[in-house]
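Chains, contacts and geometry: an overview
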Protein chains: 2
Amino acid sequence: MQITLSSPLDMHLHLRDGDMLRLTAPLSADFAGAVIMPNLVPPVSTPEMMQAYAERIESAMGGADFTRYMTLFFTPLSEAQLDAAAAAPGFFGFKLYPAGITTNSEGGLRDFADAEPTLRAMEERGIPLLVHGESHGFVMDREAEFLATYRALATRFPKLKLCMEHITTAAAVQLLDEFPNICATVTLQHLLITLNDVAGGALKPHLFCKPIAKRPEDKEALLSAALGGHPRLFFGSDSAPHPQHKKECCGCAAGVFTAPVALPALAQLFAEHGALDKLQGFVSGNACRHYGLAPVEKIVTLRDTPMQVPAAYRSFGQTVVPMFAGEELGWSVAH
Amino acid sequence: MQITLSSPLDMHLHLRDGDMLRLTAPLSADFAGAVIMPNLVPPVSTPEMMQAYAERIESAMGGADFTRYMTLFFTPLSEAQLDAAAAAPGFFGFKLYPAGITTNSEGGLRDFADAEPTLRAMEERGIPLLVHGESHGFVMDREAEFLATYRALATRFPKLKLCMEHITTAAAVQLLDEFPNICATVTLQHLLITLNDVAGGALKPHLFCKPIAKRPEDKEALLSAALGGHPRLFFGSDSAPHPQHKKECCGCAAGVFTAPVALPALAQLFAEHGALDKLQGFVSGNACRHYGLAPVEKIVTLRDTPMQVPAAYRSFGQTVVPMFAGEELGWSVAH
C-alpha cells in the first residue's frame, strides 16, 4: 500500500539553533514547510531576529525546498510594531506563552489584560495568535484550566485567528467544536500515548512533554477528531529536540523529538484506522484552507514498508533520541 | 524545639539484598523496627527463605537493636503451610501483590478467587494481609479501581487483618473511615508531593514511585488523616532503593528512597502543622495498638537543627540517591 501526500506541513515545530538546528532541520525536509516556534534564548521577538533565524534555518536545510512560516514571541506591541512584523518576509504569526510555562518561556505573558490592545490590532490585521494554553495549576488540569482563557479570547476577539497549540484533552476538542473561530494543532504523540506510557510502567523521559499526555479518553477524543477529518485540526508535531543528556538525567527537559518519524507514524496510524483518506487534510489541506497558505509544492510518497528508527540522531556534536528509538515502524517515506 | 519518639516503626520497608541491603539496612537504624517487604528475586515465599533473609538483615544492621517484622510473598497456601509460616520466628504477615504491579511482583496473584481459602484461614488465625492495591488500569486510577477489591475483602472476611499499603488517594482515606477492619500505611512522599512534583516541571525520577503521587486533593486528604491522628493510619516509608543508574536512565525504576530522611522530614512536617503531638501515634503507637506489637525499646530524639541530606549514599559498590538529595531539612535526629 502507498499514499502520496501533497505538500505536507508541520504546523508546530521547534528547530532550536546552532548545532542542534543543523542536526534537526534536515530531518524535517520531507515536509513542504513548517510553522517555526520562536522560543530560542533569547526569544525571537523582533522582525530582524526572525529574519536572521529564517536565514539560519535555510542554511541548515541545505537547499531543501521548505517554506518557513516564522513566528514571533508574543509580547504586547504597538500598531506600528505589528505592521512591521506583518510586513517582514516569512512572517506567519505570534506565539504566545504564559510566562514560565515551558522551555525558554520565562519572558512570556503574565497578564492577558496587558495584551488586549495588541490582540485587537492583530484581529484587525488578520495576524494569527498561536497559544501554548496551559495554566500553572496541577499538571493534569493545566490545559482544562486554560480553556476559559481561550473561550474569553474567542468571544472578545471573534475575528482573531486563534490557534490552540498541541491540544491534549477531550475538553479542548469540545471547545474546537464550540467556536468556529478557533483552530488547533495536535501532535503525533498525543494521538498515540497517555500518561500511562510516560509514567505507568517505568518512567519514560523521551515521552515526557508539555502539555503532558493525558487520560485514555482524552487520547481517544483527539484521535477521533483527527481521523474524522476535523477541518480545523492540523498536524503540528511540536517536535522538540533536547540533547540526550538533558533528557536522560535527574530532572529531564520536556519535549518529544518526532520530526523524523512523524509522517511514517501518521501514515501507519491513519492506515490502521482505515482513515488514510483523511491524512492529506490533517497534514496540509485543513491548515492551508484555514490560513490561506500556499507552501512549496512537494509530493511525498509513504509506503507500508518498514522504517527502522535509529536509536539516536547524531551530528554536529549533538545527540538526540527520537520517539520510537530503536523500533520499527510499519511505514516509511519513499525517497 | 525537640521531640522524643518511643520506638518508631516503619511499617513498610524495602531493604533489598546483598550489597544494597548492606548499604540500606543501617540507614533505617533510627527506627526500632520495620515491616520488611518480601519482593526479592526470587520472592521471599517460604519460612526458610524468610528466616535466612532475617539473618542477613540482622548481619547488615551491624548490631543495631531493630525488630524485623518479616513478611512472606503471598501465594495461595494450605492451612499446614500457613501454620508453619505463623510459627516461624519474626513472621508478621503476608504481602499480596497483584501479578506484575510493581518491582519484582511478576509472581504475584492473578485471580483473587484462587486466594479465598487461604484468606479464610488467615482470618481465622489472625494473620495480617498487607496489599499493594492497584489495578492494571490508567496510572492515576489504579488505586481507586482497586478499592472495590478492598471493599469485597473487608466484607467477605470481616475479621481479616487487612492493610491497604502506601495509600495515595482521598478515596482510600474514605474507605479507611468506612471499614473499621481495614488499616493503612502512608509514605512520607505521599504526604508531601503530587504528580506536579514528579512531572509538572522537569521529570523527577527520584520522586517516581508506585503508586504514583496523585492530585493535590489526594495529598491533602492523606495529610489531614495523618496530622489528625487517624488511629488506623500508620507510617510506612515504602523506602525503595534502586541503584542510581537504574533511576537516572531512559526508563527509570519506581521507588523513592526515604529511609534516612524519614524521621526528620516527618518531624518537620508535623511541626509545621502544629501536630507534633500526633507523631508518636503515627510512627508507632497506632500500629502497635492495632497489631499488638512490642518492638525493642528505642528512644529517638528529633531536634529542629538542620540536617544536610547527602547527594547520595555510597557503600559496598552501591550508590543510592535519597529524597531531598543535596537539600537541607529543618529537623534532624540527635545521635
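Each remark here, short or long, concerns the structure printed above.
Description of the structure in this document. Source: prediction; values computed, not measured.

**Observations regarding the overall build of chain A**
From N to C terminus, chain A includes 12 helices and 15 strands. Computed over its C-alpha atoms, the radius of gyration of chain A comes to 18 Å, within 12% of the 20 Å expected for a compact globule of 335 residues. When its C-alpha atoms are laid out on the principal axes, chain A stretches across 50 × 45 × 40 Å. A fraction of 70% describes how many contacts in chain A between residues 6 or more apart in sequence connect residues 24 or more apart.

**Focus: the environment of S28 of chain B**
Residues and elements named next belong to chain B. Positionally, S28 belongs in the loop between α1 (18–24) and β3 (33–36). A relative accessible area of 0% places S28 in the buried class. Separated by 232 residues in sequence, S28 and P260 have C-alpha atoms that sit 6.2 Å apart.

**What about the environment of D111 of chain B?**
Residue and element names in this part refer to chain B. On the secondary structure map, D111 appears in the loop between β5 (91–96) and α4 (116–125). For D111 and A148, which are 37 residues apart along the polypeptide, the C-alpha to C-alpha distance reads 14 Å. A distance of 2.9 Å separates a polar atom in the side chain of D111 from the backbone nitrogen of A113.

**Here we look at the sheet that holds β5 of chain B**
All names here are of chain B. With parallel pairing, eight strands are arranged side by side in an open sheet as β2-β3-β4-β5-β6-β7-β8-β9. At either end of the open sheet lies a strand with only one pairing partner, and these are β2 (9–13) and β9 (233–235). Put simply, the sheet's adjacent strands are angled 25° from each other on average, direction ignored. Both strand β8 (residues 182–186) and β9 contribute to a ladder of three bridges, which runs parallel. Residue pairing across strands places T185 opposite F234, the latter belonging to β9. Lying over the sheet, helix α2 (residues 47–61) contacts β3, β4 (67–73) and β5, oriented at roughly 145° with respect to β4.

**Digging into the interface of chain A and chain B**
The interface of chain A with chain B comprises 28 residues on the first partner and 28 residues on the second. The junction of chain A with chain B conceals about 2,300 Å² of combined surface from both sides, 64% of it contributed by carbon and sulfur atoms. Counting every contact that joins chain A to chain B gives two salt bridges. Between R215 of chain A and D141 of chain B there is a salt bridge; the shortest N-O distance is 2.5 Å. Seen at the junction of chain A and chain B, the total is 11 residue pairs in polar contact (both at pLDDT 80 or more). For the side of chain A that touches chain B, the leading source of residues is helix α8 (residues 195–199) of chain A, giving three residues. Broken down by class, the residue content of the side of chain A that touches chain B amounts to 14 nonpolar, seven polar and seven charged.

**Notes on the pairing of strand β4 (residues 67–73) of chain A**
Residues and elements named next belong to chain A. Most of β4 sits inside the fold, with six of its seven residues counted as buried. For the crossover from strand β3 (residues 33–36) across helix α2 (residues 47–61) to β4, the handedness is right-handed. Taking the sense of rotation as the criterion, the β-α-β connection linking β4, helix α3 (residues 79–87) and strand β5 (residues 91–96) turns out right-handed.

**Focus: the nonpolar core**
If you look at the biggest cluster of nonpolar residues, it comprises 216 residues, and the most contacted ones within it are F94, L129 and F282 of chain A together with F94 and F282 of chain B. Excluding its chain neighbours within four sequence positions, the residues that come into contact with F94 of chain B are L72, F73, F74, L77, L82, A85, M122, I127, P128, L129 and L130 of chain B.

**Thoughts on the packing of aromatic side chains**
By the definition in use, this model includes 24 aromatic pairs over all chains. Ring centres 5.7 Å apart and planes at 70° place the aromatic pair Y69 of chain A and F92 of chain A in the edge-to-face group. Separated by 23 residues along the polypeptide, Y69 of chain A in strand β4 and F92 of chain A in strand β5 bring together distant segments of the chain. In terms of burial, Y69 of chain A and F92 of chain A fall into one category: buried. Considering the side-chain rings of F235 of chain B and F282 of chain B, the 5.9 Å spacing of their centres and the 55° angle between planes classify their relative orientation as tilted.

**Here's the deal with the pairing of β4 of chain B**
Residue and element names in this part refer to chain B. Sheet topology note: the β3/β4 ladder contains four bridges and is parallel. Counted as the bridge partner of A34 is R68 from β4. Relative to β5, β4 runs parallel, the two sharing four bridges. What sits directly across from F73, in β5, is K95.

**Examining the packing of helix α5 (residues 142–156) of chain A against helix α6 (residues 170–178) of chain A**
Residues and elements named next belong to chain A. Between α5 and α6, the least distance of the axes is 10 Å, while the angle of their chain directions is 15°. By the criterion of interaxial angle, the relationship of α5 to α6 is roughly parallel. The hand of the α5/α6 crossing is right-handed. In contact with E143, L147, Y150 and R151 of α5, α6 contributes A171, A172, L175 and E178. Residue classes in the contact of α5 with α6 are distributed as five nonpolar, no polar and three charged.

**Side note on unusual backbone geometry**
Looking along the chain, the bond that leaves K210 of chain A and enters P211 of chain A is cis, with omega of 0°. By the secondary structure assignment, P211 of chain A is in the loop between α8 and α9 (216–227). Although it is not a glycine, R16 of chain B sits at a positive phi angle of roughly 60°. Mapping R16 of chain B onto the fold places it in the loop between β2 and α1. You will see that F324 of chain B, though not glycine, has its phi angle at about 65°, which is positive.

**Observations regarding the sheet that holds strand β10 (residues 299–303) of chain A**
Strand-to-strand pairing in sheets goes through backbone hydrogen bonds, with the strands running parallel or antiparallel. Residue and element names in this part refer to chain A. Here we have three strands laid out as an open sheet, ordered β1-β10-β15, and antiparallel in their pairing. The open sheet has two edge strands, β1 (2–6) and β15 (332–334), and neither has a second partner. Neighbour-to-neighbour, the strand axes of the sheet open up by a mean angle of 35°, direction not taken into account. Bridging between β10 and β15 involves three bridges; their strand directions are antiparallel. The residue bridging R303 from the neighbouring strand is S332, located in β15. Of the strands in this sheet, β1, β10 and β15 touch helix α11 (residues 262–272), which is tilted by about 55° from β10.

**Some details on the relation of the copies chain A and chain B**
Superposing chain A onto chain B requires a rotation of 180° together with a translation of 0.0 Å along the rotation axis, leaving an RMSD of 0.0 Å. What the superposition gives is, in effect, a two-fold axis relating one chain to the other.

**Things to note about the pattern of salt bridges**
Residue and element names in this part refer to chain A. Going through the model one piece at a time under the given rule, you end up with 26 salt bridges over all chains. Among the ionic pairs, D277 bridges to K278, the shortest N-O distance being 3.2 Å. Classification of D277 by relative accessible area gives exposed; the value is 56%.

The rules behind these values
Along each chain, numbering runs from 1 in the same order as the chain's sequence is written. Whichever chain is written first becomes A and whichever ligand is written first becomes 1, with later ones labelled in order. Thresholds applied to this predicted model are a pLDDT of at least 70 for local features of residues and 80 or more for the giving and counting of side-chain atom pairs; totals over whole chains, interfaces and linings are not thresholded and use all residues. To obtain the side-chain values, all non-hydrogen atoms of the structure were used and water was disregarded. Working definition: helices are DSSP H or I runs of at least four residues, strands are E runs of at least two. Numbering for both runs from the N terminus. Just to be clear, the radius of gyration here is over C-alpha atoms, and the globule rule we use is 2.2 Å times residues to the power 0.38. Throughout, a contact is declared for two residues whenever any of their heavy atoms are within 4.5 Å. Partly exposed describes any residue whose relative accessible area lies between the buried limit of under 20% and the exposed limit of over 50%, with all areas from a 1.4 Å probe on protein chains only and scaled to the type maximum. Polar contacts, as used here, are pairs of N or O atoms within 3.5 Å; protein pairs need one atom able to donate a hydrogen and one able to accept it. Residues neighboring in sequence count only if both atoms are side-chain atoms. A pair of strands is considered paired only if DSSP assigns at least 2 bridges between the two. To obtain each axis, a line is fitted to C-alpha atoms, and for helices this fit is confined to the stretch in contact; angles are then taken between N-to-C directions over 0 to 180 degrees. In short, buried area is how much 1.4 Å probe accessible area vanishes from two parts on joining, totalled over both. Every case where a carboxyl oxygen of Asp or Glu lies within 4 Å of a side-chain nitrogen of Lys or Arg is listed as a salt bridge. Note on residue categories: nonpolar means Ala, Val, Leu, Ile, Met, Phe, Trp, Tyr, Cys or Pro, charged means Asp, Glu, Lys or Arg, and polar means any other residue, Gly included. A clockwise course of the path from the first strand over the helix to the second, judged with the strands pointing away from the viewer, identifies a crossover as right-handed. Among buried residues, the Ala, Val, Leu, Ile, Met, Phe, Trp, Tyr and Cys ones that are joined through side-chain atoms within 4.5 Å form a nonpolar core. Ring pairs shown here join Phe, Tyr and Trp side chains whose ring centres sit within 6.5 Å, with only the six-membered ring taken for Trp; geometry is labelled stacked below 30 degrees between planes, edge-to-face above 60, and tilted in between. Roughly parallel here means an angle under 35 degrees, roughly antiparallel means over 145, roughly perpendicular means 65 to 115, and every remaining angle is called oblique. By definition, turning the near helix anticlockwise from the far helix through less than a right angle yields a left-handed crossing, and turning it clockwise yields a right-handed one. Least squares is used to superpose the copies, and the fit set is the C-alpha atoms of residues whose pLDDT is at least 70 in both copies.

On their own, these measurements won't tell you what the molecule is for.
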